Amino acid sequence: MANISFRHVEKTYDNGVTVVPDLNLEIEDKEFIVLVGPSGCGKSTTLRMIAGLEDVTGGELYIGDRLVNNVPPKDRDIAMVFQSYALYPHMTVYKNMAFALELRKVPKDEIDKKVREAARILELEPYLDRKPKALSGGQRQRVALGRAMVRDPKVFLLDEPLSNLDAKLRTEMRSQISQLHKRLQTTFVYVTHDQTEAMTMGDRIVVMKDGIIQQVDTPQNLYNSPCNMFVAGFIGSPQMNFVTVKVEKAADGYDLVYGKCHIPVKNEALAPYVGKEVVMGIRPEDIYVEEEGDVAVLDAKVTLAEMMGSEIYLYFTYEGQNLIARIPSDVNVQADDTIRLTVDEEKVHVFDKETEKIICQ
């Protein structure tokens, strides 16, 4: 079993800086879990604690049923793939993949079988005699994956492995790593600051900020039901719009008042907030060009219209606030135009202005 358990784990460096104050997380056997968050949030430190490259200051870290706080990296049965590939430049692809097994004195015929099987899965067979400098970035990253694969570890740890690749290669490698996980049926822990990678690859996503877990959930739940403004703003591209609105009692529920725009919301969780300000969150794809009968309409002054192919990213101002909408590309709109837009009241998120926690959605 390769489940991983953090129980009140803390990481404080010698200079007194605490990067991870109190981490509690259960990673299931064979799960693909992604740690995501801005730079400095503690996600790479968390991964390095699993690997044994960082000591645990407090709490308990288990891999399977084994407490590994003081177990050296080589005895943890994990394999790590780094951002920088970390290949030996003087060795061929074959030797790079075989090296760890040779150090373990694994029989040559078994090494050959494992290396060639990994090369077949990763489509590296034509490159086994080449050295890393003769490979593209994507090929080097596949070699790094192959080197981890041949060891048949319980846990794969991947630390921003795609950040050195161009956009097209990143997309290809995302699907290859996901397929690899399904094929190997092993626990994968993947660190990235790219929320697109997190959303497309993870069974579950751990969103971190300042060493603290904000929310752990499936990609769909994180997107549809964020627990606070940080998660709501971090997940989704372009990010969610946030505006301060006032709650008023209406005949049939409540209104979020934003300038001349009244957005009806039928949720009794807003009752304590009548007469108070809250933060409304609305995703760019939930702002549309006005249609007949729409209720929550705003007159938007367009500042920029970015053609993205099948859609337009529409940057606009309303009541002095900069907002963004995603609208179909067949809408004829340009900078300095005024356009009537509507907010989908069914997709509105409402947050407490002080705590930034979700009130209703």
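Everything that follows concerns the structure shown earlier in this document.
Enquirer: For helix 2 (residues 93-103), give the residues involved together with the corresponding values.
Expert: Every buried residue belonging to helix 2 is among Val93, Tyr94, Asn96, Met97, Ala98 and Leu101, and all of these are buried. Structurally, helix 2 contributes buried residues whose contacts are with helix 3 (108-121) and helix 4 (137-149). Phi for Lys105, located one or two positions after helix 2, is positive at around 65 degrees.

Enquirer: Tell me about the pairing of strand 9 (residues 204-209), residues and numbers included.
Expert: Working note: regular strand, side chains alternate between the two faces of the sheet. In this structure, strand 3 (residues 32-36) lies alongside strand 9, joined through four bridges in parallel fashion. Of the residues in strand 9, the one forming a bridge with Leu35 is Val206. In this structure, strand 9 lies alongside strand 10 (residues 212-217), joined through five bridges in antiparallel fashion. Directly across from Ile205, in strand 10, lies its bridge partner Asp217. In sequence, strand 9 turns back onto strand 10 through a hairpin of two residues, with Asp210 there showing a positive phi of about 55 degrees.

Enquirer: Any details on the packing of aromatic side chains? Residues and values, ideally.
Expert: A ring pair, where both rings are aromatic, is described by two values, the distance of the centres and the angle of the planes. Scanning the entire structure with this criterion turns up seven aromatic pairs. Between Phe32 and Tyr190, the aromatic rings sit 5.9 Å apart at their centres with planes inclined by 35 degrees, giving tilted as the arrangement. Taken together, the residues Phe32 in strand 3 and Tyr190 in strand 8 (residues 187-192) connect sequence positions 158 residues apart. Each member of the pair Phe32 and Tyr190 is classed as buried. Where Tyr258 meets Tyr318, the ring centres are 5.1 Å apart and the plane angle is 70 degrees; that geometry is what we call edge-to-face. Remark: Tyr318 occurs in strand 17 (residues 311-318) and Tyr258 occurs in strand 12 (residues 253-258); sequence separation between them is 60 residues. Overall, the relative accessible area of 7% leaves Tyr318 in the buried class. Members of the aromatic cluster, joined through ring pairs, are Phe32, Phe156, Phe188 and Tyr190.

Enquirer: So what's going on with empty space enclosed by the protein? Residues and values would help.
Expert: Applying the stated rule across the entire model yields one cavity of 30 Å³ or more. Taken as a whole, the largest cavity holds about 60 Å³ of empty space. Taken together, Asn241, Val243, Tyr258, Met280, Ile282, Ile287, Leu298, Phe316, Leu323 and Val343 make up the full set of residues lining the largest cavity. Breaking the lining of the largest cavity down by element, the ones donating at least two residues are strand 11 (241-250) and strand 14 (277-282).

Enquirer: I'd love a proper account of the pattern of salt bridges, names of residues and values included.
Expert: Should the charged atoms of two oppositely charged side chains come close, the side chains can pair. For the structure on display, the rule yields 15 salt bridges. Between Glu54 and Lys11 there is a salt bridge whose closest N-O contact spans 3.6 Å. Of the two residues, Glu54 sits in the loop between helix 1 (43-51) and strand 4 (58-63) while Lys11 sits in strand 1 (residues 4-12), which places them 43 residues apart along the sequence. Of the two residues examined, Glu54 and Lys11, each falls in the buried class.

Enquirer: Explain the packing of helix 2 against helix 3 to me, and be specific about the residues and the numbers.
Expert: Viewed as axis vectors pointing N to C, helix 2 and helix 3 meet at an angle of 135 degrees, and their least axial separation amounts to 10 Å. For the element pair helix 2 / helix 3, the angle class is oblique. In the packing of helix 2 onto helix 3, the handedness of the crossing is right-handed. Touching Tyr94, Met97, Ala98, Leu101 and Glu102 of helix 2 are Ile111, Asp112, Lys114, Val115, Arg116, Ala118 and Ala119, all from helix 3.

Enquirer: Residues and numbers for the side chain of Asp255, please.
Expert: Here Asp255 is to be found in strand 12. Notably, Asp255 is buried but unbridged: the nearest opposite-charge side chain belongs to Lys249, and the N-O separation is 9.2 Å. Polar side-chain contacts of Asp255 include one of 3.4 Å to the side chain of His262. The residues touching Asp255, leaving out its near neighbours within four places in the chain, are Lys246, Val247, Glu248, Ala250, His262, Ile263 and Pro264.

Cut-offs used in this document
- Residues numbered from 1 in each chain as written.
- Predicted model: local features only at pLDDT ≥ 70, side-chain atom pairs only at ≥ 80, totals over all residues.
- Heavy atoms only, no water.
- Buried < 20%, exposed > 50% of the residue type's maximum accessible area, 1.4 Å probe, protein only.
- Helix = DSSP H or I, 4+ residues; strand = E, 2+ residues; numbered from the N terminus.
- Contact = heavy atoms within 4.5 Å.
- Pairing = 2+ DSSP bridges.
- Phe/Tyr/Trp six-rings, centres within 6.5 Å; stacked < 30°, edge-to-face > 60°.
- 1 Å grid on protein atoms, 1.4 Å probe; cavity = no way out; pocket = protein on both sides within 12 Å on 5 of 7 lines; lining within 4 Å.
- Points joined across faces, edges and corners; volume = space filled by probe spheres on them.
- Salt bridge = Lys/Arg side-chain N within 4 Å of Asp/Glu carboxyl O.
- Axes fitted to C-alpha atoms, helices over the stretch in contact; angles between N-to-C directions.
- Parallel < 35°, antiparallel > 145°, perpendicular 65-115°, else oblique.
- Left-handed = near helix turned anticlockwise from the far one by under 90°.
- Lys, Arg positive; Asp, Glu negative; His and termini not counted.
- Polar contact = N/O pair within 3.5 Å; in protein donor to acceptor, adjacent residues only side chain to side chain.

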